[in-house]
Amino acid sequence: MTTTGLGSLPGDDIREWMRAVLELVDTPFLPELPARPYGDMISRTVAVLTELAADLQPVGWRLTGGGDARASLDQRRARALLHEDLDVLEEYADGYQGLLKVQVTGPWTLAASVERPRGDKMLADHGARRDLAQALADGVQQHVADVRKRVPGAEVVLQVDEPGLPAVLAGAVPTASGWSKHRSVDGPGAVELLSLFTTGAPTVVHCCAARPPIEVFTKSGATGVAVDVSLLNTAGWDQVAAAAEAGTALYAGLVPTTGAVPDPRKAAGPLVRRWRELGLDPAGLNQLVITPACGLAAASSPADARARLKLLRDIVDVLGEAADE
């Protein structure tokens with residue numbers, strides 16, 4: 001049983017957070033600090049795109065064409081920020097050996113967030129969203145290779161964030177006019193694009209929803225799924241159980257991102273109860289990765305976020321006891 005975070009953290013001090021994640025969790029990760037300009041998850045991922053140019057508009061990112069030469073000032077700034085953060089990672093993780101996680105926005109959430117050159121979301125155009133996914137997959141491959149070069153002892157794990165995929169599958173993403181919704185995408189179509197990201201590194205797909213489409217994630221080849229345990233409904237738990245029994249790694253979000261920091265036994269309780277109710281092998285608890293419920297950018301302060309990350313290892317001890325019962 002190990003611990004990690006899901007990416008976002010409060011504040012703007014990348015050096016402080018790089019030191020913290022190397023100390024507080026078993027699998028450190030490249031921090032995302034959305035309080036900084038170009039530090040949010042979409043900007044971070046636009047920075048990884050190497051074959052498509054984009055510009056930041058009042059409504060969000062919009063593609064402007066292909067080729068790095070036409071990258072806007074905003075995209076160049078996003079890339080510069082990511083490069084600076086990778087320099088900090090290289091400095092602080094010098095000599096590190098073990099798992100190291102990086103996060104990117106997944107192709108479906110990105111397509112539902114980024115606009116085409118003439119307006120409306122990339123999601124609206126089958127060919128455009130495929131081109132976007134392919135460009136992202138190529139950029140991610142280079143990004144992962146860069147991290148491996150900077151931290152040679154690391155085994156890089158790729159986290160693909162897909163908070164928008166349930167809405168994409170349900171046909172619930174509004175069009176630019178707001179009067180209608182984009183056409184839903186079926187499961188096989190969702191699997192097809194996600195599978196572009198599951199071949200170059202161990203991949204965990206993260207989605208905080210009551211019923212995350214875990215079957216889509218596993219069929220795409222993901223080796224792990226990250227979920228908010230507190231949000232799972234019955235159908236969500238059934239998919240979690242099926243994935244766990246099939247050997248998929250479960251990243252269990254147990255620590256709330258806001259509010260009072262819970263007692264470790266209280267935080268672990270819902271997972272232990274449902275694990276037993278589903279008839280899963282108690283020893284399987286030892287295979288879990290324990291995380292916050294979601295990113296911690298909304299935590300009240302860096303100190304509060306640190307306390308939540310520190311709690312993860314206390315929860316591991318509680319779950320270890322439950323696994324032995």
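Shown above is the structure to which this text applies.
Worth saying up front: this structure is predicted, and the values here are computed from it rather than measured.

Draft legend 1. Broad picture of the packing of helix α10 (residues 264-277) against helix α11 (residues 302-324). At a minimum axis separation of 9 Å, α10 and α11 run at an interaxial angle of 40 degrees. Considering their axes alone, α10 and α11 lie oblique with respect to each other. Helix-helix and strand crossings are classified by hand; for α10 and α11 the assignment is right-handed. Contact residues: P264, R265, A267, A268, L271, V272 and R276 in α10; L311, D314, I315, V318, L319, E321 and A322 in α11. Across the contact of α10 with α11, the residue classes break down as 10 nonpolar, no polar and 4 charged.

Draft legend 2. Quick look at the side chain of E32. Mapped onto the secondary structure, E32 falls in the loop between α1 (14-24) and α2 (41-48). Other than its neighbours up to four places away in sequence, E32 contacts G7, S8, L9, G39, M41, R44 and Q103.

Draft legend 3. How the structure looks around the pairing of strand β9 (residues 289-292). Where strand β1 (residues 2-3) meets β9, 2 bridges bridge the pair, whose relative direction is parallel. Across the sheet, the residue bridging to T3 is I290, located in β9. Pairing of strand β8 (residues 249-255) with β9 involves 4 bridges; the strand directions are parallel. Across the sheet, the residue bridging to G253 is T291, located in β9. Note that the unit made of β8, α10 and β9 has a crossover that is right-handed.

Draft legend 4. Just the sheet that holds β8, in detail. Strand order in the open sheet formed by 7 strands is β1-β9-β8-β7-β6-β5-β4, with parallel pairing between adjacent strands. The open sheet terminates on both sides in strands that have one partner only, identified here as β1 and β4 (98-105). Along the sheet face, helix α5 (residues 126-150) touches β4 and β5 (154-161) and points at about 150 degrees away from the line of β4. Contacts from α11 reach β1, β8 and β9 within the one sheet, and its direction differs from that of β9 by about 145 degrees.

Draft legend 5. Looking closely at unusual backbone geometry. With a phi angle near 70 degrees, Y38 is a residue other than glycine that sits in the positive phi range. Position of Y38 among the secondary structure elements: in the loop between α1 and α2.

Draft legend 6. The arrangement of the pairing of β4 in detail. Burial runs high along β4: 6 of the 8 residues are buried. Summarising the sheet, β4 and β5 pair through 8 bridges and their orientation is parallel. In the sheet register, Q103 faces β5, and the bridge partner there is Q159.

Draft legend 7. Expanded view of α5. Over its 25 residues, α5 runs 36 Å from end to end, which matches the ideal 36 Å to within 8%, given 1.5 Å per residue. Sitting at the amino-terminal end of α5 is D125, which places a side-chain oxygen 2.9 Å from the backbone nitrogen of G127.

Calculation criteria
Residues numbered from 1 in each chain as written. Predicted model: local features only at pLDDT ≥ 70, side-chain atom pairs only at ≥ 80, totals over all residues. Heavy atoms only, no water. Axes fitted to C-alpha atoms, helices over the stretch in contact; angles between N-to-C directions. Helix = DSSP H or I, 4+ residues; strand = E, 2+ residues; numbered from the N terminus. Parallel < 35°, antiparallel > 145°, perpendicular 65-115°, else oblique. Left-handed = near helix turned anticlockwise from the far one by under 90°. Contact = heavy atoms within 4.5 Å. Nonpolar A, V, L, I, M, F, W, Y, C, P; charged D, E, K, R; others polar. Pairing = 2+ DSSP bridges. Right-handed = clockwise from strand over helix to strand, strands pointing away. Buried < 20%, exposed > 50% of the residue type's maximum accessible area, 1.4 Å probe, protein only. Expected span 1.5 Å × (residues − 1). Polar contact = N/O pair within 3.5 Å; in protein donor to acceptor, adjacent residues only side chain to side chain.

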